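Observations on chain architecture
Letter by letter, the chains look like this.
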Amino acid sequence: MGTKRSAIARPSTSSGRTGSARGIFPADIAARIRRDPAVASAVLSLWLLLALFVIYPLAMLLARVLVDQGTFTTAGLAAVVTDRHQMRAFWNSLLLGSLVGIVGTFLGFLFAFTAARGRLPRWLLTAIDAAVLLPLVSPPFTTAIAMIFSFGPRGLITYELLGIKGYTVYGLDSTLFSEAVTYFPIAYLTLRPILAAIDSNIEGMALSLGASRWRVFRTVTLPLTIPGLANAFLLLFAASLADFATPLILAGNSFPVLPTQAFLQITGLFDLRGGAALSFVLLVPALIVFLLQRYWVSRRYYVTVTGKGAGQTPFVSVSPGARNALLLACALITLVIVYFYALLLYASVVVALGANHAFTLQHYRVIFTDGLKAIRDTLIIAGIAMPLGGLYGILLGYLVAKKSFVGRRSMELVSMINYALPGTIVGIAYLIAFNDRPFVLTGTALIIVACYIFRYGPTGIRATVALLQQIDRSLEEASQGLGAGSGTTFRRITLPLVLPAFFAGLGVVFIRSMTAISATIFLVSISWTLITVKILENITELSLGPAAAFSVLVVAIVFVVIAIIGRLLKLFRAPGAVAMTSVFGG
């Protein structure tokens, strides 16, 4: 009898793999659709959207790169590979992206661990959240401008305070510092929900068995955060590859990178094909890093939320001395960030920073008159993109993490492409694809909204996948075993548990809708313009006062909206969800 039970049970345990193998047959696909129509409809809808807003623009871009007057040619790509200067820029891009990924992930983990394990009072958590959010809620080149104000040839620190003449701030070090400070909040957004979701009973049991706090951290806590660490590195590496504005300002001629070279090729030399070829090369390292990350994480099992515990026992993760050291490190980094943005605020209320420090509100009068249309357009577009981007991120993340269907891994890979690509190439791809029939969208708000959703939605996808890897599948299986469909199970079981990831994606999409520049600079028109474009115009015209005032306004708007999101999260969080103190998920 025992043998018979084993023989009967074996097909059941392997049915997922068998079904996946047979998924290519029409009869099996039809059976899956009938069995779970909600999942099938969601998968089909997402594939149609990905095909239109990710695959189609890139295909049109590739055609522009490889086809010249109806003839296939690799001359454009060959010119990049054989050009020593461009290859130097390519390796510089990889070096900068890797360093930003490492440094930014370390900083993000430092802040996330301090917030989640430091037993901090609520007011201090709020202060950390506010300081960490500052670089993320302003245009990506804001810290670069602040560094020039501080450390340039006439900088407030180098020239005014230290009396150093002829000091140069340009190069790898300053670019790395600026990008790491700008993008490490993304790692914080990803890692804090994961640290908050780790059951303290696991760490407490290790401590009760005689392990030291350092050993518990090294062998228990840190390994459980590996999915988040890998995801954070991926996101920061891709963000660095996509950033052309910061290297454009700080890298200088001594450290060229491909995104900047592509931007200059397009805007300076009006060589659309050459600029597209330069940017498209960066897709290769971004995909390699993504595939390596997927392989690494998939080999380990990280479930920590099972629904079987009897409550968490308070666990003192760090000693008082370690807690003070963590707080000191976070405080030093926070002071640097606050200084940069205090300098920005000061520049917005003086006549001319570095020349005339008389108080004035003229810069704000300018932005609320000449820049009023840009403010209104930006708020409308961000207000539309935020909920759509949040829903897109959590739905796609849930499907690829918890459901088995044909093309699941391909869907996840395709969803990351727009984030991995430099913003210049995404903007050019959209411009090429949607400027002619059958899809004429240029000059409309829809093309900008679509760009935001499919470029910044992957932040929510990666956060959702990382968090779902900690949730035992038996929770959903129990719901479905009681007769609930996939839609009901997702709404009542999974969604409350992944609210931190949902609101992380929601917040990032809104913030980037308010601050993005690299892709959307090619998509604005007379009908629809953006604050970031106005800021860049002011900087190029040396109108730094209005640029600073615009930046301060963006920071204020985003803080208000994020506060509202955090309040809604507390009101609608269902029982059983991970406890959160803010929109970040801590």
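What this report covers is the structure whose coordinates are included nearby. Just so we're clear, the structure is a prediction, and the values are computed from it rather than from any experiment.

Turning to the side chain of Thr515, a few remarks are in order. Topologically, Thr515 is positioned in helix 26 (residues 499–515). Residue Thr515 is classed as buried on the basis of its relative accessible area of 0%. Among the polar contacts made by the side chain of Thr515, one reaches the main-chain carbonyl oxygen of Ile511 at a distance of 2.9 Å.

Following the criterion strictly, the structure yields 13 aromatic pairs and no others. Plain terms: the ring middles of Phe53 and Phe434 are 5.8 Å apart, the flat faces sit at 45 degrees to each other, and that makes the pair tilted. Taken together, the positions of Phe53 in helix 4 (residues 37–66) and Phe434 in the loop between helix 22 (423–433) and helix 23 (445–468) put the pair 381 residues apart, joining distant regions of the chain. For Phe434, a relative accessible area of 0% corresponds to the buried category. On the basis of an interplanar angle of 20 degrees and a centroid distance of 5.8 Å, the ring pair of Phe109 and Phe113 is categorised as stacked. Residue Phe109 and its partner Phe113 are both found in helix 6 (residues 84–117); the two are separated by four residues, about one turn of the helix. With respect to burial, Phe109 and Phe113 carry one shared label: buried. One aromatic cluster is present, formed by Phe53, Tyr56, Tyr392, Tyr430, Phe434, Phe439 and Phe454 through successive ring pairs.

Omega for the bond connecting Arg437 with Pro438 falls within 30 degrees of zero, at 10 degrees, which places this linkage in the cis form. Within the secondary structure, Pro438 is located in the loop between helix 22 and helix 23.

A contiguous nonpolar patch, built from Leu161, Leu162, Ile164 and Tyr167 and spanning about 410 Å² of accessible area, is present on the exposed surface. Topologically, Leu161 is positioned in helix 9 (residues 156–161). Judged by relative accessible area, Leu161 falls into the exposed class, the value being 64%.

Turning to helix 10 (residues 172–197), a few remarks are in order. Helix length check: helix 10, at 26 residues, gives a terminal C-alpha distance of 37 Å against a target of 38 Å (1.5 Å per residue), a fit within 8%. Summarising burial for helix 10: 22 of the 26 residues are buried, a large majority.

Successive side chains on a regular strand alternate, one facing one side of the sheet and the next facing the other. Of the strand pairs in this sheet, strand 3 (residues 350–352) and strand 4 (residues 356–359) are connected by two bridges, and their pairing is antiparallel. The partner of Ala352 across the bridge, within strand 4, is Asn356. Counted between consecutive antiparallel strands, the loop separating strand 3 from strand 4 contains three residues, among which Gly354 sits at a positive phi close to 90 degrees.

Cut-offs applied
- Residues numbered from 1 in each chain as written.
- Predicted model: local features only at pLDDT ≥ 70, side-chain atom pairs only at ≥ 80, totals over all residues.
- Heavy atoms only, no water.
- Helix = DSSP H or I, 4+ residues; strand = E, 2+ residues; numbered from the N terminus.
- Buried < 20%, exposed > 50% of the residue type's maximum accessible area, 1.4 Å probe, protein only.
- Polar contact = N/O pair within 3.5 Å; in protein donor to acceptor, adjacent residues only side chain to side chain.
- Phe/Tyr/Trp six-rings, centres within 6.5 Å; stacked < 30°, edge-to-face > 60°.
- Patch = residues over 30% accessible without salt bridge, like charges linked within 9 Å, V, L, I, M, F, W, Y side chains within 5 Å.
- Areas by Shrake-Rupley, 256 points an atom, 1.4 Å probe, with all protein chains shown as cover.
- Salt bridge = Lys/Arg side-chain N within 4 Å of Asp/Glu carboxyl O.
- Expected span 1.5 Å × (residues − 1).
- Pairing = 2+ DSSP bridges.

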